[in-house]
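Next come the chains, spelled out residue by residue.
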Amino acid sequence: MGILDNVERGLERAVNGAFAKTFRSRLQPLEIFAALKSELDANTRILSRQTIVVPNEFTVHISREDFDRLKTDGARLADQFVADLHTYADQQGYQFTGPVVVAITPDPALSVGLLNVTSVAPGTQVDLVPALEVQGQTLRLREGVNVIGRSHDSDIVVADSAASKRNASITWDGTTAVLRDLGSTNGTKIDGQRITALELASPTTFTVGSTPLTYRMAPKATAR
């Protein structure tokens, strides 16, 4: 099964549903997404072995006729592309340097069925910060001890009844991140094995309760 099979099936369902009447021209959503993906792949910037940053702002240029055909559902389609770009970037190990934006605009120089995608490339200076990806959020770690658990007093709150109130901690000293279990009931695990203390590399995924969390050095603009 190809890496884009799930994404393509999702887009095919969109075409067969809400967008079926919109796309009567030769231009199809999968063609647009393929062009977005190619633009992403062509503009990677390797900051380290574990950190590859990519553009986060995209403009899809299409003909006026194609634009008029899809403008009713254009916003929803752009949102679909944003979600699928996030999925593809996760699969490839790419990191965005800011919120992902896809704009679709008419271009009088293009004929029906043709398109061109441009993007804003990552800047020459990308500030990386230690962060945790948890339950759909990217949370920046502060210097010192960051407690992870289901207690609302924790620095990183995990909505998981299987997690202890104070399950684990990550200590960041400005250079190194160390994960420690805090005597939790169900443990802090990596690859299913309990750990007591471990220096983290970027990226590393571990489990608190039944919740996976990923530690990585992330672009500052993407970490809250």
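Relevant structure appears above.
Along each chain, residue indices are assigned from 1 in the same order as the chain's sequence is written. Predicted model: local features are reported for residues with pLDDT of at least 70 only, side-chain atom pairs are reported and counted for 80 or more only, and whole-chain, interface and lining totals are derived from all residues. Hydrogens are left out, water is left out, and the side-chain values use all remaining heavy atoms of the structure.

Asker: Please provide a residue-by-residue account of the environment of Arg-216, values included.
Answerer: Numbered from the N terminus, helices here are DSSP runs of H or I no shorter than four residues, and strands are runs of E no shorter than two. By the element assignment, Arg-216 lies in strand β17 (residues 211–219). Relative accessibility thresholds used throughout: buried, under 20% of the residue-type maximum; exposed, over 50%; partly exposed, between the two (1.4 Å probe, protein chains only). Taking relative accessible area as the criterion, Arg-216 reaches 15% and is therefore assigned buried. Taking C-alpha positions, Arg-216 is 9.8 Å from Arg-140, a pair spaced 76 residues apart along the chain. If sequence neighbours within four positions are ignored, Arg-216 has contacts with Gln-95, Val-129, Pro-130, Ala-131, Glu-133, Ser-202 and Pro-203. In this description, contact between two residues means that some pair of their heavy atoms is separated by no more than 4.5 Å.

Asker: Summarise the sheet that holds strand β4 (residues 94–96); cite the residues concerned and give the values.
Answerer: Paired through backbone hydrogen bonds, the strands of a sheet run either parallel or antiparallel to each other. Spatially, the three strands line up as an open sheet ordered β1-β2-β4, and their pairing is mixed. Looking along the sheet, the strands with just one partner apiece sit at the ends: β1 (45–46) and β4. At least two DSSP bridges between two strands are needed for those strands to be called paired. Pairing of strand β2 (residues 52–54) with β4 involves three bridges; the strand directions are parallel. Its bridge partner being in β4, Val-54 is matched across the sheet by Phe-96.

Asker: Could you give an account of the pairing of strand β7 (residues 128–134), naming the residues involved and the relevant values?
Answerer: Counting buried positions over the seven residues of β7 gives five, a clear majority of the element. Two elements, β7 and β17, share seven bridges in a ladder whose sense is antiparallel. Looking at β17, one finds that Pro-130 is bridged to Met-217. Across four bridges, the pairing between β7 and strand β8 (residues 137–140) is antiparallel. Bridge pairing in β8 places Glu-133 opposite Thr-138. Following β7, the chain reverses through two residues before pairing antiparallel with β8; Gln-135 in that reversal takes a positive phi of roughly 50 degrees.

Everything listed is a geometric property; what it means functionally is a separate question.
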